[in-house]
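Geometric and topological summary
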Amino acid sequence: MCGIIGYTGYSEARGILLKGLKTLEYRGYDSAGVAVYHPDFNETLVTKCEGRVEKLEAKCGSVKGTTGIGHTRWATHGGVSDNNSHPHKFGRVTLVHNGIVENYAAIKNQLGVGSKLKSQTDSEVVAALIDAYYEGNPNEAIVRAVKELSGTFGLAIMFDDIPNKIFAVRNVSPIVCCQNDDGVYIASDIMAIGEYSEDYFVLPEFSVAEISPEGIVIKDFDGNEIQPDMLKLDWDIKNSGKMGYPFYMEKEIMEQPEVIEKTISNRITDGMPDFSSDNVDDSIFTDCDNVTVIACGTAMHAGLIGKHIIEKYCKVPVTVNMASEYMYNDPIINDRTLVICVSQSGETIDTLEALKYARRKGARSLSIVNVKGSTIARESENVIYTNAGPEIAVASTKAYTTQVAVFYLIAAKMAHIRGLLNDYSTKHFVEQLCKVPAAVSDILDRRQDIHKLSNGMLTAEHTFMIGRGLDYPTLLEASLKLKEISYIHSEAFASGELKHGTIALITNQTPVIALLSQDSLMSKQVSNIREVQSRGAEVITFIKSNLKSKDIECSFELPSLDDDFMAIPSIIAMQLLAYYVSSDKGLDVDKPRNLAKVVTVE
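Residues numbered from 1 in each chain as written. Predicted model: local features only at pLDDT ≥ 70, side-chain atom pairs only at ≥ 80, totals over all residues. Heavy atoms only, no water.

As for the packing of helix H15 (residues 436-445) against helix H19 (residues 567-584)
Taken N-terminus to C-terminus, the directions of H15 and H19 make an angle of 25 degrees; their axes are 9 Å apart at the nearest point. The angle between the axes of H15 and H19 places the two elements in the roughly parallel class. The hand of the H15/H19 crossing is right-handed. In this structure, H15 contributes Val-436, Ala-439, Val-440, Ile-443 and Leu-444 to the contact, and H19 contributes Ile-568, Pro-569, Ile-572, Ala-573 and Leu-576. Of the residues that constitute the contact of H15 with H19, the class distribution is 10 nonpolar, no polar and no charged. (Axes fitted to C-alpha atoms, helices over the stretch in contact; angles between N-to-C directions. Helix = DSSP H or I, 4+ residues; strand = E, 2+ residues; numbered from the N terminus. Parallel < 35°, antiparallel > 145°, perpendicular 65-115°, else oblique. Left-handed = near helix turned anticlockwise from the far one by under 90°. Contact = heavy atoms within 4.5 Å. Nonpolar A, V, L, I, M, F, W, Y, C, P; charged D, E, K, R; others polar.)

As for the pattern of salt bridges
Where charged atoms from two side chains of opposite charge come close, those side chains can pair. If you walk through the whole model with that rule in mind, you get 26 salt bridges. Measuring nitrogen to oxygen at the nearest pair gives 2.9 Å for the salt bridge that ties Glu-195 to Lys-19. Of the two residues, Glu-195 sits in the loop between strand E10 (183-187) and strand E11 (199-202) while Lys-19 sits in helix H1 (residues 13-24), which places them 176 residues apart along the sequence. Residue Glu-195 is classed as partly exposed on the basis of its relative accessible area of 40%. Using a relative accessible area of 42% as the deciding quantity, one classes Lys-19 as partly exposed. (Salt bridge = Lys/Arg side-chain N within 4 Å of Asp/Glu carboxyl O. Buried < 20%, exposed > 50% of the residue type's maximum accessible area, 1.4 Å probe, protein only.)

Points about the nonpolar core
Counting 89 residues, the largest nonpolar core has Tyr-408 and Phe-542 as its most contacted members. Listed in part, the 29 residues of the second largest apolar core include Phe-90, Val-113, Leu-117 and Phe-167. (Core = buried A, V, L, I, M, F, W, Y, C linked by side-chain atoms within 4.5 Å.)

What to know about the side chain of Glu-250
Among the secondary structure elements, Glu-250 is positioned in helix H6 (residues 248-254). An unpaired buried charge is present at Glu-250: no salt bridge exists, and Arg-447, the closest side chain of opposite charge, is 4.4 Å distant. Setting aside anything within four residues of it in sequence, one finds Glu-250 in contact with Tyr-245, Arg-447 and Tyr-579. (Lys, Arg positive; Asp, Glu negative; His and termini not counted.)

So, the sheet that holds strand E20 (residues 364-369)
Taken in spatial order, the 5 strands make up an open sheet running E18-E17-E19-E20-E21, and their pairing is parallel. Unpaired on one side and paired on the other, strand E18 (318-322) and strand E21 (382-385) mark the two borders of the sheet. Each neighbouring strand pair of the sheet contributes to a mean axis angle of 20 degrees, computed without reference to strand direction. Two strands pair when backbone bridges link them, and strand E17 (residues 290-295) and E18 are joined in this way by 5 bridges, in the parallel orientation. Within E18, the position partnered with Ala-295 by the bridge is Met-322. (Pairing = 2+ DSSP bridges.)

All quantities given are derived from atomic positions and should not be read as evidence of function.
Right, here's the structure in full:
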């Protein structure tokens, strides 16, 4: 959940490091710092502070040197302070760390360095451990130290007596590397360094990279040199900025027709779903008796939509599990279970550990992720990459809708090869799915109508959302969006459950969002709306166009698709509502408090 950047080459490191940190700030923004080797002083000088990268930039002044590392932090060990900021320096060792070291207290006691530490972090203890083992051979010291660490880590390390070199090592926490004629770059995310080269690689776990201006040498822990698997950027780095939008989240909402279309069209051949380009064999969809979806937060909500569609069309039971709870609940799993893991980053630690557990139990696995070469992608038997492109805003939008789009394709493929949909019915299903991008564009064209609706929610302390059928899991995601970026307490309820207790929460002028996109449940949802209105609720309704009637006032008209395909258009409207509430409240939409984009600690 922290961001790492490193550079060594022939240019001043300061600007490269600060630029990279600004890009990585979505991974953590409690504090930031840089360490640059200063040739005049023959040592690594550290500048760091609590707060955003802009504050660090002002503090850096004219830091000189062509080799350095940087870090933007999301606090885990120790509060938010200058001392707890990275980089950490102990003796001759300076490092930045992404991850969490579980046995840091035992190591600190073993070294007897408690009185010498300047921070409360586990990371400084790692620096002290490497320094204790360092006798002139950096690889040996790093390997000895890492073998004692319990937990996850991505480390970029500098030694005072080895100028112009950076060493890197990792376990789970990602580190990517690339180079060009001007030098070598490392980061925890390709977003930070992709502008320097479209060719990159993910540092293999438990190997040490020795990085100099001339290139990178990677050795395993036995000293054998290894060659990494090269990857290539499949999106234009020039389009990764805000492109004139005030926030990344708005830009990413607006990109959804394009990325959904790309995710779908790349997997349709002659009107039929086709995963051959993903190297996903049909047997994974036929040789299973049940499906288990494992995910966290927004990705789990995508799984709930997947559950609805797969169970309806494939007649296969689907369970959706919180990754953080999965392996502690003694799940029923065997070699006839298909586990589908969903993660935007492909680095979500709870999902990764649950995936490993399921595979050990014999389950087959398929992952839906957005980042090539990510850990979950590599650990999974099969992987389907969404085509969302880089998503910078902490609150996920386009990653979610492309995940849902993949679930639709999975349902169509599974139903067809299991004989539950014939060719004609499968093509009809795919045709309906292909109408989704145009429906999304229609909503985006009318986004100012949703902006007007948001005005009535700016002073709300509590908001409730009600829906039935497929609308309910959609509203779970909508409620999460509103909570995380506007700080308004929001809860989504299945409308039929209101009278079983939760209607007690409805008081005069309570904002209630009602979603009506399911033809067969329209009359029941209208009755539930009447219930909350009779208690004084202020109801904002999002109604599919063909369902509009005199029975209920429509606040915003949704385009009309078949019921099963309304999940994506409906959530687009809800994303916009949350976005406008947050932005009109003057909040930092892209960086909500206490949250980071990538969760790499349990």
